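# Chain and residue survey
Letter by letter, the chains look like this.
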Amino acid sequence: MAEFRMPILGADMKAGKLVAWRKHPGDEVHRGDIIADVETDKAVIEVEAFVDGVLERTLVEPGETVPVGTILAIIRLEGEPALAEMPAGPPAEAGAPIVARPPAVPLQPPVRLRVPEAGGVRISPLARNLAARLGVDIATVTGSGPGGRIQQRDIEQAAAAMARPAPAAPSEEVPDRQMRMRQAIAAAMARSHRDIPHFHLFTTIDMSRTLTWLASENETRSVADRLLYAILLIKAVACALREVPELNAIWVEDKVVLKPDVHVGMAIVLRGGGLVAPALHHTDRQSLDGLMHDFRDLVQRARAGSLRSSELSDPTITITNLGEQGVEAVFGLIYPPQVALVGFGKIVERPWSVDGQIMSRPLMTATLAADHRALDGFRGSVFLATIDRLLQEPDKL
Amino acid sequence: MTDEEIRSTVLRLLSDIAPEADLASIEPNVNIRDQLDIDSMDFLNFVIAVDKELHVDIPERDYPKLATLDACMVYLSERLKAAGRARPTD
């Protein structure tokens, strides 16, 4: 049996509300199928199955809000007997009904960790990884394992306690979605600013060749098939990541973990305020047309509030393109646990030296915000130079 | 198609792009993108919608001619007139 749990759909997410089940007990599910709709502080997200099987039982009712990690449903894997057909287990378990349960029962608030005998925090690798994913500060967690060792259930308990809302004063107004989105962004960005030692680099890119090629290309296309210049920027970043893979990574368990696939997250401004940064999956392998199609679909769904769980949990780097708003350079904050964010500014006509001659050129500032724990400035500068080089040959993107 | 019909079509297509906007208060001579918070993806979707509804294929080099509502009206009216599909308002 596989446990289908409330997913973590961003570094800032502590709990989610089950809006509706898309599949019902007895339904076949396949990896990638949308099983449920979950509401976060930012949007309603379509949550996908991660295994093939049959939805055996749902454990949470629509309308319930539960902490990240809570078991929402049981999926019977292929070849497994149904729960009713399973042989009886030990007496203590045989009669116990399966019920929705948060990652652990938060019986008491977290207390300060006991000082370990050998120095440093005693914590299992699994628990450390989970703490990083759930945004739990392990210094605030008491370990229940041998010798005070922090275990997975301790982290789950701390996460559940974090997700539990404080009792509201009778006169307090319920925050609206926009307020909750701001709070979610605030939590993620505060964590980023607090935990990540950022460094910033920038470079100026001559966009003449890119724009000339794009204008020529779009002349030959019907309106519906035209490309935006942002697509070339996205593809250039994705291809540059293949050459500088240190930036296609996340920081967990006090170390950098390189990600094998490139899933570029695109910051998308939502109407009415706030933003999301869902992934364009396998960005480096897609054609420009494929990227344009997927980007248009992603923007539309982000603004309609119908993103999928994998799109929010998979980004390996984020791009923010504020050039259209007139900003010339973006010095951003990294979205944890990612280790880099790329910013693009406005394309402006400026004097530029070309082959010893000063001429007017469309110039764009590309910036990199990078995590100094994961890499050094030299590799960051190689990355920006690679983006520049790739944009000078747009026909090869 | 009359100018009034062109105008109402343009406003309807813009409302599809920016549903939260109050189009009644749109300033005809102020940049549409700035007023309605429209980005390049939104604008491309608007151009695609114009092509579908009015059968006017707007080349990319003409995008600056659609900066304001009044400019849109002038541009589309001329294109439709050239195609023999515009007529004066009754």
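Residues numbered from 1 in each chain as written. Chains lettered and ligands numbered in written order. Predicted model: local features only at pLDDT ≥ 70, side-chain atom pairs only at ≥ 80, totals over all residues. Heavy atoms only, no water.

Here we take up the packing of aromatic side chains. Under the defined criterion, the tally for this structure stands at five aromatic pairs over all chains. Each ring, one from Phe4(A) and one from Phe50(A), has its centre 6.4 Å from the other, and the planes form 15°; the classification is stacked. With Phe4(A) in strand S1 (residues 2-5) and Phe50(A) in the loop between strand S5 (44-48) and strand S6 (53-58), this pair connects stretches of sequence that are 46 residues apart. Taking 6.1 Å as the distance between ring centres and 45° as the angle between the ring planes, the aromatic pair formed by Phe43(B) and Phe46(B) counts as tilted. Here Phe43(B) and its partner Phe46(B) are both found in helix H3 (residues 40-54), three residues apart, which amounts to about one turn of the helix. Ring pairs connect the aromatic residues Phe4(A), Trp21(A) and Phe50(A), which therefore count as one cluster. Positioned over the ring face of Phe43(B) is Arg33(B), at 4.4 Å from the centre of the ring. (Phe/Tyr/Trp six-rings, centres within 6.5 Å; stacked < 30°, edge-to-face > 60°. Helix = DSSP H or I, 4+ residues; strand = E, 2+ residues; numbered from the N terminus. Lys NZ or Arg CZ within 6 Å of the ring centre and 35° of its normal.)

Let us now look at the interface of chain B and chain A. In this assembly, 23 residues from chain B lie in contact with 16 residues from chain A. A combined buried area of about 1,500 Å² lies between chain B and chain A, and 48% of that area is made up of carbon and sulfur atoms. When residues of chain B are sorted by the area they lose upon contact with chain A, Met41(B), Leu44(B) and Glu60(B) head the list and together hold 39% of the total. Between the two partners, chain B and chain A, sit six salt bridges. A salt bridge links Glu219(A) to Arg61(B); the nearest nitrogen and oxygen atoms lie 2.7 Å apart. Elements that contribute at least two residues to the side of chain B that touches chain A include exactly helix H2 (32-36) and H3 of chain B. Ranked by the residues each element gives to the side of chain B that touches chain A, the list is headed by H3(B), at eight residues. (Contact = heavy atoms within 4.5 Å. Buried area = accessible area lost by both parts, 1.4 Å probe. Salt bridge = Lys/Arg side-chain N within 4 Å of Asp/Glu carboxyl O.)

Glancing now at the pairing of strand S11 (residues 255-258) of chain A. Residues and elements named next belong to chain A. In terms of strand pairing, strand S10 (residues 249-252) meets S11 through four bridges, oriented antiparallel. Within S11, the residue paired with Val252 across the bridge is Lys255. Between S10 and S11, which pair antiparallel one after the other, the connecting turn spans two residues, and Glu253 there sits at a positive phi close to 50°. (Pairing = 2+ DSSP bridges.)

So, about the domain arrangement of chain A. All names here are of chain A. Domain boundaries in chain A define domain 1 (2-163) and domain 2 (176-396). Contacts between the two partners involve 21 residues from domain 1, matched on the other side by 23 residues from domain 2. With both sides pooled, the region where domain 1 packs onto domain 2 buries about 2,000 Å², and carbon together with sulfur makes up 51% of that total. The tally of links between domain 1 and domain 2 comes to two salt bridges. (Domains from an automatic or database assignment.)

We now examine helix H7 (residues 288-304) of chain A. A turn of α-helix holds 3.6 residues, and therefore any two residues three or four places apart point the same way. The end-to-end C-alpha separation of H7(A) is 24 Å, in line with the 24 Å expected for 17 residues at 1.5 Å each. Regarding H7(A), the residues found buried are Leu288(A), Leu291(A), Met292(A), Phe295(A), Arg296(A), Leu298(A), Val299(A), Arg301(A) and Ala302(A). (Expected span 1.5 Å × (residues − 1). Buried < 20%, exposed > 50% of the residue type's maximum accessible area, 1.4 Å probe, protein only.)

Residue and element names in this part refer to chain A. One open sheet holds the four strands; their spatial order is S1-S8-S6-S3, and the pairing between them is antiparallel. Edge strands, defined here as strands with exactly one partner in the open sheet, are S1 and strand S3 (28-29). In the sheet, S6 pairs with strand S8 (residues 71-77) via five bridges, with the strands oriented antiparallel. Paired with Thr58 across the two strands is Ala73, which belongs to S8.

Turning next to the packing of helix H1 (residues 3-17) of chain B against helix H4 (residues 69-82) of chain B. Residue and element names in this part refer to chain B. One way to put it is that H1 packs onto H4 with a least axis distance of 10 Å and a crossing angle of 125°. Taken as axis vectors, H1 and H4 run oblique relative to one another. As H1 runs across H4, the sense of the crossing is right-handed. Along the contact surface, H1 presents Asp3, Ile6, Arg7, Val10 and Leu11, while H4 presents Leu69, Met73, Leu76, Ser77 and Leu80. Across the contact of H1 with H4, the residue classes break down as seven nonpolar, one polar and two charged. (Axes fitted to C-alpha atoms, helices over the stretch in contact; angles between N-to-C directions. Parallel < 35°, antiparallel > 145°, perpendicular 65-115°, else oblique. Left-handed = near helix turned anticlockwise from the far one by under 90°. Nonpolar A, V, L, I, M, F, W, Y, C, P; charged D, E, K, R; others polar.)

Here we take up the sheet that holds strand S2 (residues 15-21) of chain A. Residue and element names in this part refer to chain A. Spatially, S7-S2-S4-S5-S16 is the arrangement adopted by the five strands of the open sheet, whose pairing is mixed. Edge strands, defined here as strands with exactly one partner in the open sheet, are strand S7 (65-67) and strand S16 (307-308). Where strand S4 (residues 34-39) meets S5, five bridges bridge the pair, whose relative direction is antiparallel. Paired with Glu39 across the two strands is Val44, which belongs to S5.

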